[in-house]
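# Structural characterization, general
Chain residues, written in single-letter form:
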Protein chains: 4
Amino acid sequence: MKQLFEGIITPMITPLIDRMTLDVEGQKKMLDHLINGGVSGVFLMGTTGEGPSLSYRMRRQLIKLTCDYVAGRVPVFVSITDTCIEEALDLAKYSKECGASYIVSALPYYLGLTQDEMVKFFTTLADNIELPLFLYNIPSQTKLMMSVQTVKKLAAHPNIIGMKDSSGNGTYFNTLLAEVKAAYPDFTILVGPDEMLVSTMALGGNGGVNSGSNLFPRLFSELFKAIKADDKARIAKLQKIVMKVSTDVYSVDTSSVSFLKGLKAALYLEGFITDAMCEPLVKADDAVFATIKKNLVGIKQLLKEAI
Amino acid sequence: MKQLFEGIITPMITPLIDRMTLDVEGQKKMLDHLINGGVSGVFLMGTTGEGPSLSYRMRRQLIKLTCDYVAGRVPVFVSITDTCIEEALDLAKYSKECGASYIVSALPYYLGLTQDEMVKFFTTLADNIELPLFLYNIPSQTKLMMSVQTVKKLAAHPNIIGMKDSSGNGTYFNTLLAEVKAAYPDFTILVGPDEMLVSTMALGGNGGVNSGSNLFPRLFSELFKAIKADDKARIAKLQKIVMKVSTDVYSVDTSSVSFLKGLKAALYLEGFITDAMCEPLVKADDAVFATIKKNLVGIKQLLKEAI
Amino acid sequence: MKQLFEGIITPMITPLIDRMTLDVEGQKKMLDHLINGGVSGVFLMGTTGEGPSLSYRMRRQLIKLTCDYVAGRVPVFVSITDTCIEEALDLAKYSKECGASYIVSALPYYLGLTQDEMVKFFTTLADNIELPLFLYNIPSQTKLMMSVQTVKKLAAHPNIIGMKDSSGNGTYFNTLLAEVKAAYPDFTILVGPDEMLVSTMALGGNGGVNSGSNLFPRLFSELFKAIKADDKARIAKLQKIVMKVSTDVYSVDTSSVSFLKGLKAALYLEGFITDAMCEPLVKADDAVFATIKKNLVGIKQLLKEAI
Amino acid sequence: MKQLFEGIITPMITPLIDRMTLDVEGQKKMLDHLINGGVSGVFLMGTTGEGPSLSYRMRRQLIKLTCDYVAGRVPVFVSITDTCIEEALDLAKYSKECGASYIVSALPYYLGLTQDEMVKFFTTLADNIELPLFLYNIPSQTKLMMSVQTVKKLAAHPNIIGMKDSSGNGTYFNTLLAEVKAAYPDFTILVGPDEMLVSTMALGGNGGVNSGSNLFPRLFSELFKAIKADDKARIAKLQKIVMKVSTDVYSVDTSSVSFLKGLKAALYLEGFITDAMCEPLVKADDAVFATIKKNLVGIKQLLKEAI
């Protein structure tokens, strides 16, 4: 039997001084903030973490720093997403040495793959990595969609223990539950978009890897509890705030990664980190910062009333 | 105040003898089947109805026949989706004369539109149609996505009373609820994909326009009731069958409209209609029919146990 | 043997008073302008003609008016592109009665088709239409791409005599030449985008269906002659102006049909037509008109020097 | 003034024993084959070279080996395409140390970029790399399209000397010529797809980075000469063979990278390399190999007659 994982995992932003320099104090501040906020795990170098933009040197520094500083307080998930299998395996090995708990990987994102190649890819990873592996489906970035049958084949592998789906596709997610979860009840299925946490858990999803928990971890950990307790009034109240973050923080900038620019802007405005994105991304412009600053006031008022 | 519409509306397939000849008896049989199955309304000439493939002569015949035969037993929704506003308005006028209850329109689907043009388009329709109007968002066919802000602007129009969203995008649907529904509680929001009925109603969706209710109307009308009653065990049992239809009927053919080819195959196999698609579509091949025939046995066994 | 068609065909814009009223005088003025400008044919109700936005009443009016007014001076091509085969065939029949020369059709553009369905669709048209038929490939609007093998199959039909490719894909066009043209030398292959006229004729294309010839017919008819004469200096000089139109007229507005809004703006500014688009399209804003007005000065100066 | 580069550059496949082991002898054999075939340069680790799939260790090995073995016989181009700027710059530095001549980079291909971010990205590279830089536009893999205005801004940089466009878009390429080349005549513009070499050079393109030259370098170097000499009969004869390779080698496999799988299959069948792809890619199946083997007979017969 696999160990089912339930709860909120934070796909951490990466605090930076500049593209070559990790903001070590920012990372520690963020980790305390998240753990105090009740999240069930932290996830390094995913899409929200600008993982593919970071040098291998910095990726290693980030893994080591995080594992040391967390010191077992919550599990550490590490994304090894890469277009090169060797580099990915190297990073997985290093993660294990540092004490990380789980490995996460999306598909390689340059050359298009067939479904059979996707199965082979993840099988190769799972066979060669000593930590348990989570699949990560994010077609907005990889431009590849794992079919439900592909996930089902992979769920049979003893070392592939779960999946994060960031497709945003409600039909797909529910088909994963009906086809994969029904066949492998101990296979963990987590959702990416914050906005879908409630609706995916309604049918059996196990939780979320939600970017918004970087900013308001307590909002998400409390929402998770409310869902488990089927406390409808509280769910409605908290979901309203989740949607406010979506509208008022994630959707202010107009680029395709507006959620990420908005999120880093908000975390900077709240005093957790610098405002640096990792190049090639450039931070949102001043008008976006000003709007988000204003919007945060309303969100925090709602939060205060709710939590 | 607008009249909120809650329940299951069937986006009817169009029964045909051939591309020029409506299967009148098939339509009557279907209507009785649906009304006896407890659906809350029938919807003509949507995507499932192959609406854009039908001649104007047949569209009129279908509206008249349906309104006459239904005779008020349930409301009749008519899709006027067209690339030409004049033709759309003509059909809306005729629908009213025949006694239809509601008009539904997707966006014109040839020349790309800006969000402002979308607002203007639906405003023109709503200003010139005497029946209440539903918006229909179906980017898979129109290749256009109405932004949430566009919907919000349109929801303020007194004659636009609701929306069907077939985008399949869970984040988008929940943003509609948070932004549009919260501002206009009497604006009806219905979901398209069968697979998302439960998860969208979990946060305030008003029901579904679900293709699968052509085949098993009772399954959907009972599921709707179970959701309203928050009967979790019954929801789980019925949702399982909904997903079986998705996997075992909709996903057997491999074309981009596999759901439609599978659905018509199943309805033919169940004795309701002929197996004719409206050209340019061609019916699924024999192997698909054989697989679906076999699959229906299992689905009907589950249904018998559940309902 | 099929009759090869070589030259420049103008995909005419549709001059309007408003969405319900054809600008009859504008159409006559345009026709004289084009025929005097030396184009080899005029093409009604294509993408540039906003064909799918026009009512059937107006489509018929436009066909009749044009055939009568042209009175054999140049061949008249009519687009019957529709999602409904019956309506398309009706319009083809009427076109023949009015004296049109050729029928053109793109694929139905609502429900996705397989390549086999595309073959069947065009075969049905070709079998039931008395005028010679041109295929029209325009994936930007139909979201369907005819494979080269599909075109090759259709080129064998005695009544399908050519194709207009507006995909913009240079590899695809050259594969059409290598696979279809090589097998059927009497099959006409014309290019859509103005910018590609020279480069596609370099390898055997037969000419163009070029929107810019609405504005400057002489530019295109002279460029065609220069290409046939292999007059490299003149080709370079005229191609430069073609590209100026692309940059300075087609690319000023920012919508997905900016070429069309820019083109109608320029024709209005030049005194040929009103500035009305057919709803749901809305004309470009004042700033776009002002920029194009300014840009036209430069383009006309270059034209004067060249022609 | 920048040094204009004209001719055929081969985007080399990477010969492998397995995903971790370079086929050193295969690489040497390929290099002799290409240089003897008259190509004007060799390009390492592009899309055809499965660059993003190779470990950094192997990338360095490949650069060193190639520069040493080529020993100045032709210029060596190195792709540093990466999602991380630091890694890219490191590789550029190493390339210079090894004696490479030019650096090539596509856009980072994970997080979506705005046009401004693209300008900043390439400016950062060009400012920090000592070798001259070529831009590489390949939206099929990066899912990002550099606008013509973006390229124009970058062409002003003294260290950005040219561009390879693999978009396949004929309108775009000709707009590059009209807008960028016209403003900066010493900016080199090369085309990717083999099928477009003739049609892009017809209007001023400077040559190609053509995958097919891996297999038949002489075909492409001769075609380049024929184009420069405006030898129409010879162009037609050679272009026919280029298209045969496209149809009979590149389009046999059905995956999205069929060209690459077909090319490696053909090179294996011709005795140059092993049949290994770099995982996650898996080689084409036996039926594809058998078809290509048969097809090569006809292509080589044509080649023998032509060259």
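Residues numbered from 1 in each chain as written. Chains lettered and ligands numbered in written order. Predicted model: local features only at pLDDT ≥ 70, side-chain atom pairs only at ≥ 80, totals over all residues. Heavy atoms only, no water.

Once chain A has been moved 0.0 Å along the axis and rotated by 180°, it coincides with chain D to within an RMSD of 0.0 Å. Given the turn and translation reported, the copies of this chain are related as if by a two-fold rotation axis. Proximity to the rotation axis, assessed at the C-alpha, singles out Y109(A) in chain A; its C-alpha lies 3.6 Å from the axis. Both copies share a contact surface, since 100% of the interface residues of chain A are interface residues in chain D too. (Least-squares fit on C-alpha atoms with pLDDT ≥ 70 in both. Contact = heavy atoms within 4.5 Å.)

Contacts between chain D and chain C engage 20 residues on the former and 20 residues on the latter. With both sides pooled, the region where chain D packs onto chain C buries about 1600 Å², and carbon together with sulfur makes up 61% of that total. Considering only the surface of chain D that becomes buried against chain C, T171(D), L203(D) and M243(D) emerge as the three largest contributors, covering 27% of it. Along the contact surface separating chain D from chain C lie two salt bridges. Among the ionic pairs, D230(C) bridges to K232(D), the shortest N-O distance being 2.8 Å. Viewed at the interface, chain C and chain D are joined by eight residue pairs in polar contact (both at pLDDT 80 or more). At the level of secondary structure, the elements contributing two or more residues to the side of chain D that touches chain C comprise α7 (170-183), α8 (197-201) and α10 (232-250) of chain D. Considering every element that reaches the side of chain D that touches chain C, the biggest residue donor is α7(D), with six residues. Considered class by class, the residues forming the side of chain D that touches chain C number seven nonpolar, nine polar and four charged. (Buried area = accessible area lost by both parts, 1.4 Å probe. Salt bridge = Lys/Arg side-chain N within 4 Å of Asp/Glu carboxyl O. Polar contact = N/O pair within 3.5 Å; in protein donor to acceptor, adjacent residues only side chain to side chain. Helix = DSSP H or I, 4+ residues; strand = E, 2+ residues; numbered from the N terminus. Nonpolar A, V, L, I, M, F, W, Y, C, P; charged D, E, K, R; others polar.)

For the rest of this paragraph, the subject is the pattern of salt bridges. Summed over all chains, the structure comprises 72 salt bridges over all chains. Measuring nitrogen to oxygen at the nearest pair gives 3.1 Å for the salt bridge that ties E222(C) to R234(C). Taken together, the residues E222(C) in helix α9 (residues 217-228) and R234(C) in helix α10 (residues 232-250) connect sequence positions twelve residues apart. For E222(C), a relative accessible area of 15% puts it in the buried group. Taken together, the shared-partner salt bridges in this structure form one network comprising R19(A), E279(A), E86(D) and K120(D). (Buried < 20%, exposed > 50% of the residue type's maximum accessible area, 1.4 Å probe, protein only.)

Let us look at the interface of chain A and chain D. Chain A puts 41 residues into the contact, and the matching count from chain D is 41 residues. Surface buried jointly by chain A and chain D totals about 3600 Å² across both partners, of which 60% is contributed by carbon and sulfur atoms. On the chain A side of the interface with chain D, the three residues burying the most area are Y110(A), L111(A) and P280(A), jointly 22% of the side's total. Put simply, K261(A) and E117(D) hold a salt bridge, and the shortest N to O gap is 2.4 Å. The tally of links from chain A across to chain D stands at 16 residue pairs in polar contact (both at pLDDT 80 or more). Of all the elements in the fold, those that place two or more residues in the side of chain A that touches chain D are α2 (56-70), α3 (85-98), α4 (115-128), α5 (139-142) and α11 (258-269) of chain A.

Moving on to helix α11 (residues 258-269) of chain D. Counted at 1.5 Å a residue, the expected span for α11(D) with its twelve residues is 16 Å, and the 16 Å between its end C-alpha atoms agrees. Burial within α11(D) is extensive, with nine of its twelve residues counted as buried. Every buried residue of α11(D) is accounted for by S258(D), L260(D), K261(D), G262(D), L263(D), K264(D), A265(D), A266(D) and L267(D). Against α4 of chain A together with β2 (16-18), α1 (24-36), α10 and α12 (286-306) of chain D lie the buried residues of α11(D). Positive backbone phi, at 85°, marks G271(D), one or two positions downstream of α11(D). (Expected span 1.5 Å × (residues − 1).)

On inspection of all chains with the given rule, the structure shows 42 aromatic pairs over all chains. Ring geometry for F121(A) versus F122(A): centroids 5.1 Å apart, planes at 65°, classification edge-to-face. Side by side, F121(A) and F122(A) carry an identical accessibility label, which is buried. Between Y250(C) and F259(C) the ring centres are 6.1 Å apart and the planes differ by 80°, which places this aromatic pair in the edge-to-face class. (Phe/Tyr/Trp six-rings, centres within 6.5 Å; stacked < 30°, edge-to-face > 60°.)

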